[in-house]
Amino acid sequence: MTVPDAEPVVGEWRRRYTLDAPAGIPAHVTILFPFVEPERLDEVEARLAELIAAVPAFDLTFSRTGRWPEILYLEPEPAEPFVVLTHAIEREWPDQPPYGGHYETIVPHLTVAEPEDPAVLDRIAADVERQLPIVTRVREATVFVEDHTGRWHEHSRLPFGQSGVA
């Protein structure tokens, strides 16, 4: 799910210190990666759209950063809709576990930077934290596909359901 409202805060850091931003992926919270091969998307997209539409659109806030040893990220609040949706998609396509099955727990996050130098990570965190919170409305999920050159492109946007909240 892309987060355009986060780009002014994290976009430049992502372009400099992540692998996915220079390859065409904007600020986002991953719902499921990897997913099916691009040539299979057309056959699964209708069901994927149903699963996404079953989750009501919601307001999302990023008010703090989190860290893993070499990764700075933003913590989405609430995180639960992402976990629910990830599990729903995983149940539908059990051969596509989140992150290839490498992690037992799903931790929704928006990656800001992955520098090798901890001092750089501290500097980026201080800059980003001064600009929080980021508040946005989640209305759709975006499906990206990777081309033969390693660049990512938007394939489709699938709307979340109606929540009754404007």
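Bear in mind that the values here come from a model prediction, so they are computed numbers and not experimental data.

Parameters at a glance
- Sequence order as written defines residue numbering, which begins from 1 separately in each chain.
- Reporting of local features is limited, given that this is a predicted model, to residues whose pLDDT is at least 70; pairs of side-chain atoms are given and counted only at 80 or more, and all residues count toward the totals for whole chains, interfaces and linings.
- Side-chain calculation: all heavy atoms of the structure are included, whereas hydrogens and water are not.
- Axis definition: a line fitted to C-alpha atoms, limited for helices to the stretch in contact. Angles are taken between N-to-C directions and run from 0 to 180 degrees.
- The secondary structure listing takes helices from DSSP runs of H or I that are at least 4 residues long and strands from runs of E that are at least 2 residues long, numbered from the N terminus.
- Throughout this description, any angle smaller than 35 degrees is read as roughly parallel, any larger than 145 degrees as roughly antiparallel, any in the 65 to 115 degree range as roughly perpendicular, and the remainder as oblique.
- A crossing counts as left-handed when the near helix is turned anticlockwise from the far one by less than a right angle, and as right-handed when that turn is clockwise.
- Contacts are residue-level and defined by heavy atoms, with any inter-residue pair within 4.5 Å sufficient.
- Among buried residues, those of type Ala, Val, Leu, Ile, Met, Phe, Trp, Tyr and Cys that are joined through side-chain atoms within 4.5 Å constitute a nonpolar core.
- For the exposure calls, accessible area comes from a 1.4 Å probe over protein chains only, and a residue counts as buried if that area is under 20% of its type's maximum, exposed if over 50%, partly exposed in between.
- With a 1 Å grid spanning the protein atoms alone, the term cavity applies to any set of points in which a 1.4 Å probe fits but cannot get out, the term pocket to an open set with protein on both sides within 12 Å along at least five of seven lines, and the term lining residue to any residue with an atom within 4 Å of a point.
- Grid points are joined across faces, edges and corners, and a volume is the space filled by probe spheres set on the points.
- Any residue that is not Ala, Val, Leu, Ile, Met, Phe, Trp, Tyr, Cys, Pro, Asp, Glu, Lys or Arg is counted as polar, Gly included; the first ten are nonpolar and the last four charged.
- A carboxyl oxygen of Asp or Glu within 4 Å of a side-chain nitrogen of Lys or Arg is what we treat as a salt bridge.

K.L.:
How would you explain the packing of helix α2 (residues 41–53) against helix α3 (residues 80–92) if you had to name every residue and give the values?
P.N.:
Closest axis-to-axis distance for the α2/α3 pair is 10 Å, and the angle between their directions is 150°. Here α2 is positioned roughly antiparallel relative to α3, judged by the angle of their axes. Every pair of crossing elements has a handedness; the one defined by α2 and α3 is right-handed. In this structure, α2 contributes Arg-47, Leu-48, Leu-51 and Ile-52 to the contact, and α3 contributes Leu-85, Ala-88, Ile-89 and Glu-92.

K.L.:
Quick one: what's the story with unusual backbone geometry, residue by residue and with numbers?
P.N.:
Following Phe-33, the chain continues to Pro-34 via a peptide bond in cis, the omega torsion being -5°. Its location among the elements puts Pro-34 in the loop between α1 (7–17) and α2. Here the amide bond leading from Leu-132 into Pro-133 is cis, since omega sits at 10°, within 30 degrees of zero. The residue Pro-133 is located in the loop between α4 (118–130) and β4 (134–138) in this model.

K.L.:
So what's going on with the nonpolar core? Residues and values would help.
P.N.:
Ranked by internal contacts, the top residues of the largest apolar core, which has 45 residues, are Leu-110, Val-112 and Phe-160. For Val-112, the contacting residues outside a window of four places in its chain are Val-10, Trp-13, Arg-14, Thr-18, Leu-72, Tyr-73, Leu-74, Ile-124 and Val-128.

K.L.:
Explain empty space enclosed by the protein to me, using residue names and the numbers behind them.
P.N.:
Scanning the entire structure with this criterion turns up one cavity of 30 Å³ or more. Each pocket or cavity is described by its volume, and for the largest cavity that value is around 70 Å³. Thr-30, Ile-31, Phe-82, Thr-86, Pro-98, Tyr-99, Thr-105, Ile-106, Val-107, Pro-108 and His-109 together form the lining of the largest cavity. By residue class, the composition of the lining of the largest cavity is seven nonpolar, four polar and no charged.

K.L.:
Account for the packing of α1 against α4, with residues named and values stated.
P.N.:
For the pair α1 and α4, interaxial distance at closest approach is 10 Å and the crossing angle is 165°. As judged from the angle between their axes, α1 and α4 are roughly antiparallel. You can see that α1 and α4 cross each other, and the crossing is left-handed. For the pair α1 and α4, contact is made by Val-9, Val-10, Trp-13, Arg-16 and Tyr-17 and by Val-120, Arg-123, Ile-124, Asp-127 and Val-128, respectively. Of the residues in the contact of α1 with α4, the class split is seven nonpolar, no polar and three charged.

K.L.:
Give me the lowdown on the pattern of salt bridges, citing residues and values where you can.
P.N.:
For the structure on display, the rule yields 14 salt bridges. Between Arg-47 and Glu-92 there is a salt bridge; the shortest N-O distance is 3.2 Å. A residue pair is termed long-range when its members are at least 10 positions apart, and Arg-47 in helix α2 and Glu-92 in helix α3 qualify at 45 residues. Given a relative accessible area of 32%, Arg-47 falls into the partly exposed group. Relative accessible area serves as the criterion here: at 35%, Glu-92 is assigned to the partly exposed category. For Arg-67, the salt bridge goes to Asp-122, with nearest N and O atoms at 2.7 Å. A residue pair is termed long-range when its members are at least 10 positions apart, and Arg-67 in strand β1 (residues 58–68) and Asp-122 in helix α4 qualify at 55 residues. Look at Arg-67 and you get partly exposed, because its relative accessible area is 40%. Through salt bridges with shared partners, a single network forms among Glu-7, Glu-12 and Arg-15.

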